[in-house]
Amino acid sequence: MAQTIALVDDDRNILTSVQMTLEAEGYAVRTFTDGESALQGLLSKPADLAVLDIKMPRMDGMELLQRLRQRSNMPVVFLTSKDEEVDELMGLRLGADDYITKPFSQRLLLERIRALLRRNEASRAEGSGAPPGGVIARGDLVLDETKHTCVWKGGQVQLTVTEFLLVKALAVRPGMVKNRDQLIDAAYGENIYVDDRTIDSHVKRIRKKFRQVDGEFDQIETLYGIGYRYKEA
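As named in an unreviewed UniProt entry, the protein chain is DNA-binding response regulator, taken from Neoroseomonas lacus. The UniProt entry for the protein chain carries the following text under Subcellular location (unreviewed entry): "Cytoplasm".

Visitor: Quick question: what am I supposed to make of the packing of aromatic side chains here?
Guide: Summed over the entire model, instances satisfying the criterion amount to three aromatic pairs. An angle of 20° between the planes, with centres 4.4 Å apart, marks the rings of F210 and F217 as stacked. Linked through ring pairs, W152, F210 and F217 together constitute an aromatic cluster.

Visitor: What exactly am I supposed to notice about the nonpolar core here?
Guide: Buried together is how nonpolar side chains tend to be arranged in soluble globular proteins. If you look at the biggest cluster of nonpolar residues, it comprises 25 residues, and the most contacted ones within it are L141, L143, I199, F210 and I220. Contributing elements (two or more residues each) for this core: β7 (141-144), β8 (149-152), α6 (161-171), α7 (180-188), α8 (196-213) and β12 (227-230). Per-element tally for this core: the top contributor is α6, with six residues. Membership of the second largest hydrophobic core comes to 22 residues, among which are A6, L39, L52 and M56.

Visitor: Is there a simple way to think about the UniProt feature "modified residue: 4-aspartylphosphate" (unreviewed entry) in the protein chain in this case?
Guide: Here, the residues flagged by UniProt with the feature "modified residue: 4-aspartylphosphate" (unreviewed entry) are D53. As for its position among the elements, D53 is in strand β3 (residues 49-53). Taking the relative accessible area as the measure of exposure, D53 reaches 6% and is therefore buried.

Visitor: What exactly am I supposed to notice about the side chain of D34 here?
Guide: Structurally, D34 is set in the loop between β2 (28-32) and α2 (35-44). What makes D34 buried here is its relative accessible area of 7%. In terms of polar contacts, D34 uses its side chain to reach the side chain of R58, at 3.3 Å. Discounting residues that sit within four places of it in the chain, D34 has contacts with V8, M56, P57 and R58.

Visitor: Help me understand the environment of A137 in this model?
Guide: Relative to the elements of secondary structure, A137 occurs in strand β6 (residues 135-138). As for A137 and V151, which are separated by 14 residues in sequence, their C-alpha atoms are 9.5 Å apart.

Visitor: How do you make sense of the environment of I184 when you look at a structure like this?
Guide: Mapped onto the elements of the fold, I184 is located in helix α7. The buried category is assigned to I184, whose relative accessible area is 5%. Taking C-alpha positions, I184 is 8.9 Å from T198, a pair spaced 14 residues apart along the chain.

Visitor: Mind showing me how you'd approach the sheet that holds strand β10 (residues 178-179) here?
Guide: Remark on secondary structure: sheet strands pair via backbone hydrogen bonds, oriented parallel or antiparallel. In space, the three strands of this open sheet follow the order β10-β12-β11, with antiparallel pairing throughout. The strands lining the two open edges of the sheet, one partner per strand, are β10 and β11 (220-223). Bridge count between β11 and β12: four bridges; the pairing is antiparallel. From the neighbouring strand, I220 faces β12, where its bridge partner is Y230. Sheet contacts for α6: β10, β11 and β12; angle to β12, the most-contacted strand, approximately 70°.

Visitor: What is the right way to look at the side chain of Q219 in this model?
Guide: Inspection of the secondary structure assignment puts Q219 in the loop between α8 and β11. If we skip the residues at most four places from it in the chain, Q219 touches W152, R229, Y230, K231 and E232.

Cut-offs used in this document
Residues numbered from 1 in each chain as written. Predicted model: local features only at pLDDT ≥ 70, side-chain atom pairs only at ≥ 80, totals over all residues. Heavy atoms only, no water. UniProt positions renumbered as here; feature names shortened; annotations may be inferred. Phe/Tyr/Trp six-rings, centres within 6.5 Å; stacked < 30°, edge-to-face > 60°. Core = buried A, V, L, I, M, F, W, Y, C linked by side-chain atoms within 4.5 Å. Buried < 20%, exposed > 50% of the residue type's maximum accessible area, 1.4 Å probe, protein only. Helix = DSSP H or I, 4+ residues; strand = E, 2+ residues; numbered from the N terminus. Polar contact = N/O pair within 3.5 Å; in protein donor to acceptor, adjacent residues only side chain to side chain. Contact = heavy atoms within 4.5 Å. Pairing = 2+ DSSP bridges. Axes fitted to C-alpha atoms, helices over the stretch in contact; angles between N-to-C directions.

Rendered as structure tokens:
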């Protein structure tokens with residue numbers, strides 16, 4: 001069965017051209033021209049991945065992402081303009097998995113979509129029991145790859161696929177520093193270019209989520225100019 005991509009943009013030219021590209025690659029595509037109709041459509045019938053524009057009528061991409069994240073960890077790619085750097089960072093902090101700046105290469109968008117779908121598919125396969133990834137326990141942290149769950153001090157921490165992979169990459173070897181390139185490879189795979197600030201924004205959101213469970217969470221350390229590490233117990 002074809003995987004379904006939701007495209008949400010008020011620019012019909014972008015919707016038409018991207019839809020044609022994705023359908024030519026074998027994806028099923030659903031399109032929406034505003035955030036409100038997209039929210040209703042995606043909550044009633046989820047897609048495998050969504051590509052969201054930020055500036056839209058009735059409900060912008062930021063609010064749409066925030067509302068979706070209350071119900072779903074579906075992978076999300078943001079489309080932003082060159083002058084929307086603040087929006088890019090805010091989108092990542094709200095839980096977007098990736099962003100692409102307009103005007104964009106459709107080949108690049110397709111590569112990002114494929115990478116995110118591969119990771120999400122792998123997570124689902126593990127959750128169905130094939131093949132098991134196991135449980136990683138580091139002090140008060142428990143990551144269950146088979147169920148895609150994260151527990152800190154007994155409390156559930158809801159992580160997107162990207163966030164889960166970043167926490168896993170850091171927690172596997174406590175005390176060892178991971179630079180941003182290593183974390184990009186762990187979360188996105190090789191041969192995918194992602195800006196350093198994308199990793200920084202994901203780490204900020206991860207910390208925020210853990211602090212919702214434990215206000216004193218400080219297990220992920222920043223080594224300025226180097227990268228991040230998970231503190232040894």
